[in-house]
Every structure is written in C-alpha cells, then in structure tokens.
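As a plain string of letters, each chain reads:
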Amino acid sequence: MAGAAPPGPLELLLHRATDPSKAETDWECIQRFCDQVNADAEGPAVALRLLEHKIQSPQETEALHALTVLETCVNNCGGNFHNEMGKFRFLNGLIKVLSPKYLGEWSAESVKSRVVQNLFSWTVWFPREVKIRDAYQMLKKLGIVRQDPRVLEDRIVPPPPRPAGSIFDAEDEKSQVLVRLLQSKNPEDLRAANRLIKGLIKEEQEKSAKATRRTNTVKEAQSHAEALEEMLNRCPGRGGGTVAQPELQGLQAECEKLKPLLFRVASETLEDEVALAEILQANDRLTRVLGLYKQVVGACWNPAAGAVGAPAAPQFPLDGAGAPSLIDFSELDSVFGGPGSFPGKAKSKPASSSSSTHSLDEELVSLGPVPPVTVYERDGLKALLHFARDLVPGRPASRVMILSLLSTSPHPIRQVVFQAAVPKSMAIKLQPATGSALQAFNPLLPPAVISQVLLVANPLKAPLRLKYRLLYTQGQQPHCEEGEVMDFPNAELWGGS
C-alpha cells in the first residue's frame, strides 16, 4: 500500500534535539539543524513549521528544548529565517501556547514565560518585523501579557567546545556549582570544590572502565566466534578432517559464557548507538556460530572415535547474506529480570530435527512474564514486540522493548526498515537494527530474524499507542505498510495504567 513520505533530515534532527529524555542540551545536533536550515531554500519555512509543533508539545522538556533550537536558529540562520518567523502563520502558533482559549491552560509556566520573553526580545532586535510587534501588543491588550519581561542581553549561542575528557563536561548544574566554589575565598567552599572534583574524576574513571570493559568483551566475543567457526569448518562434511572433542567443547563453553557479558555491557550502553550496534553484531555472530555448533556436533559426533568425525553435516552458510540473524535473548534475565513464560503462546516451527536446537519461542521466553504483542503479520513476515520486565535503571518511566521481525517466506526479504511514533506525551527511541535483510525460509534452519531495541519514555504512564511504518522488499515487490497498535498490556508495563 502507498504510504506517507519518510521524515526529512530536518524532522529527524529536530526529533533528536528535542528528545524529552535528554536532560542536557544537544548543541551538536542543534548546530546541524541550523546548518540544514541554511542549506535548503525552503529550510526556514519547514523548520518553523516543525518548531511550532514541538513548542506546543504538552511535555515541558520537549517544548523548552524546541525553544532553545528556535533561539539558536534566530542567532544563526539569517534574514530569510527572520522574515519567515515574522509571519502570522508562525506567530499564531506561539500565541496559541499563551492563549487560554487554546493551549494556555495546559502549557507549562516555564514555556509560556520563555515564549513571552522571546516575543518581546524580537520586538527590540527586529524593529522592521511589524507583525511581531503587532502580535505582542495584541497579547498585552488582551491581558495575556501584563508587563514586559527583562530583555535578553544576548541571543543564545552554543557553548565553546571543551577539551576531550574535561571534568567540566559533567552535568551543567555540577559545573556551575564547581565554578562558584572555585571562585570563593571561603576555605569551606574550596574543600567542597575539592570533594566535587574528586567525585567528577571518579565518575569519569567509571565511564572509562565501562568503555574498556565493553571493548574487550566485544573483541573477545568476535575472536572466540571466529575461532569456533574455523574449527567447525575443519569438521568432515565441511572440507576438513577430525577435530578433538575437548578442544571444541571448551571453545563452545567460552562462547556461552560471553553471552551474558554482552547483555550486561549492552545495558550500560543504551545511549551510545554505535557501540550498541557493535555489541548486537557480536552477539549475532556468537548466536550463529553456536547454532552451527549444535547442528554440526549433533550430526557428526562419533563417540567411539573420540572426535568429531564420520557423518557429514549439512553446510549452513555464515556469511552476512545467508546466515540467520537471531539475537539470543536467553541471558536477558541477568539484566532485566527473571525467567517467565508467555501464557497461551503458539509453538514455533522447530529450527531443525535435532533435539539440541531450541525453538524461537524458547529463545525469547526469558524476556519476562509480559506476553509479546503482534505488530504485523502478513505473507510470511511477522513483527513481534517483546517487553523487558524491569524498568530502565535510573528512568522509572521508561521501558525497553525488543522488536523481532521473523520471516517464514519462501522469498528473501530485503531493505527492511521499521519506523515508529508515539503520542506527544511520550517519547520513543529506536536503536540500530541487527540487519536489514531476511533470507528465504529454510526448514533446516531457525526462521530468519531481525531484532531492534526500542526505548519508550512515558512520564504520565498513559496507555501506550504506537503508530508504525514498515518498509521492505519481498522478492521484487516493494511494500510500505502502516498501522497502529493499541492493545498493549498497560497494567503490566506501567503499573496499573
């Protein structure tokens, strides 16, 4: 079916810059947004339309982030932006935030105060934009603005870059407190500054230790998976001779131990999309080679010879195009919660005739007691959302979900892209998917799977609604499927909503 056009670069950048889950201002993303506005002839008009929508958001943090983006654009995007900003089309959007007839009753006072401050400042900075002056005078006449605010002494600009690893790169509040303490002549303040510096250094050391642990774990997983794959390729039926069982079993056991470590470091890396993608890729490779181990050893082990020998195992490709891309969720207990079972779950087709190979449902059952939700199912392609039982550490209003795209289609599926949106009172962030292609179904292998982590923030704990767009090419036929999912287990997710 035909669908709406995908979001443009300005919309994507603004979504990142105004993410309400971010406590800090993303100056780098805002600067890229300004650069994109300046690069496109229609940039100012499109940007202001998007900003108007964000400023009207019921989420205070999102609206305040949007006003910061607007103020930075005023400072960096030149006359065309100012001219477009001075039109009633945009000014009416700001007036709605203030007017009790529209959004004024629900808008946060901090947002309304900032809008008034900007409107009044623009009457001073841009005296030729008469519509801005007229709009502001109208607000005063209606009694919505009772007195002029203090004029901003300067327009907002991004802060200067700091040296990498500076302890002053901590949270703004801590940085400001530290500067104040260091400027004081009171000995007690200086001692407090010393304690704060030690705390910042400790935080930086812990952050560095996590990064080192993540890098070492990913490297170890990749090297062990490569070594096990090479050893399996030396087995009979795969172009090799015999392999000693103890050595093979020892390497397999090391790979199994690495899976919970990967999920542990993944839980510490949710904010770093590139690093998280590397972890998921390493986990995929471990899962594939361990699946191959079960196939080869189950078919080829000769107990009399004490080695992997005689019967030839079927050859299962491990390259990116042919290998099954399945995230093994069996170790999520150590990160998100204890084991559970899905009530009334349907049995999936066995991955192979070997009794040592688990079904897909058995791999996913450790995520928690909340049953999965089917997002999409048609022509052999199925999308399921699984839910972690526990909340994100430090974010009680957030949930981790894992999207699984499974294919039992006889045709390969390529160019898979999943997009999602939630109501304005919530926020959603999609981490990179583990792949974009699913091979044609092979009854000797588990169903092909793409996995993707979704982070959902729901500060009001309102019933979850998710709109999605799923794009893919099946065989030679492109598809664009859109829909909405509302039957989420909200009581289990948000505690009684």
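Note that the structure is predicted; figures quoted are calculated from it, not measured. The numbering scheme is per chain: residues are counted from 1 as the chain's sequence reads. Only residues with pLDDT of at least 70 are given local features in this predicted model, and only at 80 or more are side-chain atom pairs given and counted; all residues enter the totals for whole chains, interfaces and linings. To get the side-chain values, all heavy atoms of the structure are used, and hydrogens and water are removed first.

For this particular structure, what's the right way to read the pattern of salt bridges?
A side chain of one charge can pair with a side chain of the opposite charge if their charged atoms are brought near each other. Between Lys or Arg on one side and Asp or Glu on the other, a salt bridge is scored when a side-chain nitrogen of the former is within 4 Å of a carboxyl oxygen of the latter. Scanning the entire structure with this criterion turns up 13 salt bridges. The partner of Glu84 in a salt bridge is Arg89, with the nearest N and O atoms 2.7 Å apart. Glu484 is the partner of Arg465 in a salt bridge, and the nearest nitrogen-oxygen pair spans 3.0 Å. Of this pair, Arg465 sits in the loop between strand E9 (448–457) and strand E10 (466–474) while Glu484 sits in strand E11 (residues 477–485), placing them 19 residues apart in sequence. Through salt bridges that share partners, Glu84, Lys87 and Arg89 make up one connected network. Comment: elements are numbered from the N terminus, with helices defined as DSSP H or I runs of at least four residues and strands as E runs of at least two.

Explain the sheet that holds strand E5 (residues 381–387) here, please?
Backbone hydrogen bonds hold the strands of a sheet together, and the pairing may be parallel or antiparallel. Judged by pairing direction, the sheet is antiparallel, and its 5 strands sit side by side in the order E4-E5-E6-E9-E8 without closing on themselves. Sheet topology places strand E4 (373–378) and strand E8 (427–430) at the edges, where each strand pairs with a single neighbour. Shown here is a sheet whose adjacent strand axes are inclined to one another by a mean of 20°, direction ignored. The rule for pairing is simple: two strands pair if DSSP sees at least two bridges between them. Judged from the 7 bridges that link them, E5 and strand E6 (residues 398–407) form a sheet pairing that is antiparallel. Each bridged residue has a counterpart across the sheet, and for Lys382 the counterpart in E6 is Leu406. Only the stretch in contact is used when fitting a helix axis, every axis being a line fitted to C-alpha atoms; angles between N-to-C directions are given from 0 to 180 degrees.

Even after reading the chapter, I still don't get helix H4 (residues 60–76), so can you show me in this structure?
In an α-helix, one turn spans 3.6 residues, which is why side chains three or four residues apart end up on the same side. In a helix, the anticipated span is given by 1.5 Å times the number of residues less one. Over its 17 residues, H4 extends 24 Å from the first C-alpha to the last, a length consistent with the 24 Å expected when each residue adds 1.5 Å. Accessibility here uses a 1.4 Å probe with only protein chains present; expressed as a share of the type maximum, an area under 20% marks a residue as buried, one over 50% as exposed, and anything in between as partly exposed. Of all 17 residues in H4, 12 are buried; the element is thus mostly enclosed. Considered for burial, the residues of H4 that qualify are Glu62, Ala63, His65, Ala66, Leu67, Thr68, Val69, Leu70, Glu71, Thr72, Cys73 and Val74. The contact criterion used is simple: two residues touch if any of their non-hydrogen atoms lie within 4.5 Å. Tucked into the core, H4 has its buried residues touching helix H1 (9–17), helix H2 (27–39), helix H3 (43–55), helix H5 (78–85), helix H6 (88–98) and helix H7 (109–125). Gly78 sits one or two residues past H4 and shows a positive phi near 75°.

Would you take a moment to explain the nonpolar core for this structure?
Most often, soluble globular proteins have nonpolar side chains that are buried together. Side-chain atoms within 4.5 Å are what join buried Ala, Val, Leu, Ile, Met, Phe, Trp, Tyr and Cys residues into a set we call a nonpolar core. One finds Phe33, Leu70, Phe81, Met85, Val115, Leu119 and Trp122 to be the most contacted residues of the largest nonpolar core, which totals 42 residues. Elements with a minimum of two residues in this core: H1, H2, H3, H4, H5, H6, H7 and helix H8 (130–141). For this core, the element with the highest residue contribution is H4, accounting for 7 residues. Within the second largest apolar cluster, 30 residues are counted, among which are Tyr376, Val422, Leu438 and Tyr472.

Even after reading the chapter, I still don't get unusual backbone geometry, so can you show me in this structure?
Backbone phi values are negative for most residues with the exception of glycine, while trans is the configuration of most peptide bonds. Of note in this structure, Asp379 is not a glycine but carries a positive phi near 50°. Relative to the assigned elements, Asp379 resides in the loop between E4 and E5. Positive phi, close to 55°, is recorded for Lys461, a residue that is not glycine. Looking at Lys461, the relative accessible area reads 40%, which means it is partly exposed.

Which parts of the structure should I look at to understand the packing of aromatic side chains?
Pairs of aromatic rings are described using the distance from one ring centre to the other and the angle between the two planes. Stacked, tilted and edge-to-face are the three classes assigned to paired rings of Phe, Tyr and Trp, where Trp is represented by its six-membered ring and a pair needs centres within 6.5 Å; plane angles under 30 degrees give stacked, over 60 edge-to-face, the rest tilted. Summed over the entire model, instances satisfying the criterion amount to 4 aromatic pairs. With 6.4 Å between their ring centres and 65° between their planes, Tyr376 and Tyr472 make a pair best called edge-to-face. Here Tyr376, found in strand E4, pairs with Tyr472, found in strand E10; they are 96 residues apart in sequence, far enough to count as distant. Side by side, Tyr376 and Tyr472 carry an identical accessibility label, which is buried.

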